[in-house]
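Below are the chains, spelled out letter by letter.
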Amino acid sequence: MPVVEAVAVVPVPPNVAFAISQTTMPVRRRWDPFVRSQHFVDGATRPDKGVRTFTRSRHGLSMVSEYVSYAPPTNVGMKMVRGPWFFEMFAGGWRFVPADEPGHTVATWRYHFRCRPALLRPVADRIGTWLLDRDIRRRIAGYAAGCADPVVVAAAERDLRERNDGNRTES
């Protein structure tokens, strides 16, 4: 199964790095070049395990994904529930760990996928790897820029204060 991965060191601590990764519209558009539109579905108002989101990419493709893990400030994982016909399976995980430099975070984003139909998989998986590798690198570069954007950081810190329940946002 193909895997694509991108890593960036960002100038914020892990709890803020995680919170930035979970920002919603319109703040998300400041840093995420992949997302054209995105919203929670099924009445959800915030991310958590089991919550589903609808995302339309800049390519015009749409996907409904579900959080399979949500563990602030260290990691988040999702799987495709419904998406483009050419993905038999798509899942991803984002991980955030303290960097060697104080106040910085190493963000690692990894996607796993399998294309269909099976007959075309050897070629489709190679094309998918090339395209997704390009997109994940562009996306994590946008994320790193967002981690240096005062508007994005302020929105994430505000969200942390609003959601702080004593155990989900500590670094």
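Per-chain numbering applies: the sequence of each chain, read as written, is numbered from 1 onward. Selection of residues for local features in this predicted model requires a pLDDT of at least 70, selection of side-chain atom pairs for listing and counting requires 80 or more, and totals for whole chains, interfaces and linings are taken over all residues. Only hydrogens and water are set aside; all other atoms, that is, all heavy atoms of the structure, feed into the side-chain values.

**Some thoughts on the nonpolar core**
Among the buried residues, those of types Ala, Val, Leu, Ile, Met, Phe, Trp, Tyr and Cys that are joined through side-chain atoms within 4.5 Å form a nonpolar core. Three exposure classes are used, based on accessible area relative to the maximum for each residue type with a 1.4 Å probe and protein chains only: buried under 20%, partly exposed in between, and exposed over 50%. In terms of nonpolar packing, the biggest core is built from 40 residues, with Val12, Ile20, Phe90, Phe96, Trp109 and Tyr143 touching the most fellow members. Contacts are assigned to residue pairs that have any heavy atoms within 4.5 Å of one another. Apart from residues no more than four positions distant in its own chain, Tyr143 is found in contact with Val10, Ala17, Phe18, Ile20, Ser21, Trp31, Phe96, Ala107 and Trp109.

**Points about the pattern of salt bridges**
When a carboxyl oxygen of Asp or Glu is within 4 Å of a side-chain nitrogen of Lys or Arg, the pair counts as a salt bridge. Counting across every chain of the model gives eleven salt bridges. Between Arg121 and Glu88 there is a salt bridge, with its nearest N and O atoms 2.8 Å apart. Here Arg121 is found in helix H3 (residues 121-146), whereas its partner Glu88 is found in strand E6 (residues 87-98), with 33 residues between them in sequence. The partner of Asp159 in a salt bridge is Arg163, with the nearest N and O atoms 3.0 Å apart. In this pair, Asp159 and Arg163 both sit in helix H4 (residues 150-163), four residues apart, roughly one turn of the helix. Here the salt bridges do not stand alone but share partners, grouping Arg28, Asp32 and Arg139 into one network. Helix numbering and strand numbering both begin at the N terminus, where a helix is a DSSP run of H or I of at least 4 residues and a strand a DSSP run of E of at least 2.

Without other data, these values stay purely geometric and don't point to any function.
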